[in-house]
Amino acid sequence: MNQPQETPSADSSNQIPPTPLRCITGAIMSGGFAFAAYSLMIAIATTFANKPLHSDNQMVVNIGSAVRTLVVGVVALGMGIFGLVALGLLALALQLIIQQLSNPKSS
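Values in this document were obtained by computation on a predicted structure and should not be read as measured data. (Residues numbered from 1 in each chain as written. Predicted model: local features only at pLDDT ≥ 70, side-chain atom pairs only at ≥ 80, totals over all residues. Heavy atoms only, no water.)

1. Digging into the overall build of the chain
Argument step 1. Assigned secondary structure in the chain consists of 2 helices and 0 strands.
Argument step 2. A separation threshold of at least 6 residues defines the contact pool for the chain, and within that pool the share at least 24 residues apart is 77%.
Argument step 3. Accessible surface, the chain as shown: approximately 8,700 Å² in total, 67% of it carbon and sulfur. (Helix = DSSP H or I, 4+ residues; strand = E, 2+ residues; numbered from the N terminus. Contact = heavy atoms within 4.5 Å. Areas by Shrake-Rupley, 256 points an atom, 1.4 Å probe, with all protein chains shown as cover.)

Written as structure tokens, this is what we have:
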């Protein structure tokens, strides 16, 4: 009844090793997502700047400013994460290429 469930261990035979082509493909995709998020962030910030809040209630203005800042910040965070992933994948591809050139396999 209370038997521990066995989790499958990560066998190295089942994992596909990274290749420079896969890293570069992933970096291009992640960079595309980062650019899309950047474009979205600029569009959102421009829309918010062109439509200021009109209210006499200071609480409404404060909450509106906080929500606008939060929306732009979340999109900027996503853009930053995708951008860093793209840079990391490019660095991994470069490292793999250097390792392949310095350690040629003998046949």
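What follows picks up the thread again.
2. Some words on a nonpolar patch on the surface
Argument step 1. A contiguous nonpolar surface patch, about 510 Å² in accessible area, is contributed by Ile-24, Ile-28, Leu-84, Leu-87 and Leu-90.
Argument step 2. Taken together, the elements giving at least two residues each to the nonpolar patch come down to helix H1 (20-50) and helix H2 (58-102).
Argument step 3. Tallying contributions element by element places H2 first for the nonpolar patch, with 3 residues.
Argument step 4. Note that Leu-84 resides in helix H2. (Patch = residues over 30% accessible without salt bridge, like charges linked within 9 Å, V, L, I, M, F, W, Y side chains within 5 Å. Salt bridge = Lys/Arg side-chain N within 4 Å of Asp/Glu carboxyl O.)

3. A short note on H2
Argument step 1. Compared with the 66 Å implied by 1.5 Å per residue over 45 residues, the 65 Å span of H2 between its first and last C-alpha is a close match.
Argument step 2. In this fold, the buried residues of H2 make contact with H1.
Argument step 3. One side-chain oxygen at the N-terminal end of H2 lies 3.1 Å from the backbone nitrogen of Met-59; it belongs to Asn-57. (Expected span 1.5 Å × (residues − 1). Polar contact = N/O pair within 3.5 Å; in protein donor to acceptor, adjacent residues only side chain to side chain.)

4. Here we look at H1
Argument step 1. When the terminal C-alpha atoms of H1 are compared, their 44 Å separation across 31 residues agrees well with the 45 Å that a helix rising 1.5 Å per residue should span.
Argument step 2. Inspection of H1 places Pro-20, Cys-23, Ala-27, Ser-30, Ala-34, Ala-37, Met-41 and Ile-44 among the buried residues, and these make up the whole buried set.
Argument step 3. Buried-residue contacts for H1 involve H2. (Buried < 20%, exposed > 50% of the residue type's maximum accessible area, 1.4 Å probe, protein only.)

5. Some thoughts on the side chain of Ser-30
Argument step 1. Examined against the element boundaries, Ser-30 turns out to sit in helix H1.
Argument step 2. Ser-30 sits in the buried class, given a relative accessible area of 5%.
Argument step 3. The residues touching Ser-30, leaving out its near neighbours within four places in the chain, are Phe-82, Val-85 and Ala-86.

6. Describing the packing of H1 against H2
Argument step 1. Their axes nearest at 8 Å, the elements H1 and H2 cross at an angle of 160°. Taken together, the axes of H1 and H2 are roughly antiparallel relative to one another. H2 is crossed by H1, and the crossing has left-handed handedness.
Argument step 2. Taken together, the residues that form the contact of H1 with H2 break down as 27 nonpolar, 5 polar and 1 charged. (Axes fitted to C-alpha atoms, helices over the stretch in contact; angles between N-to-C directions. Parallel < 35°, antiparallel > 145°, perpendicular 65-115°, else oblique. Left-handed = near helix turned anticlockwise from the far one by under 90°. Nonpolar A, V, L, I, M, F, W, Y, C, P; charged D, E, K, R; others polar.)

7. Section: the environment of Gln-100
Argument step 1. Along the chain, Gln-100 turns up in helix H2.
Argument step 2. Between the C-alpha atoms of Gln-100 and Pro-20, which are 80 residues apart in sequence, the distance is 9.8 Å.

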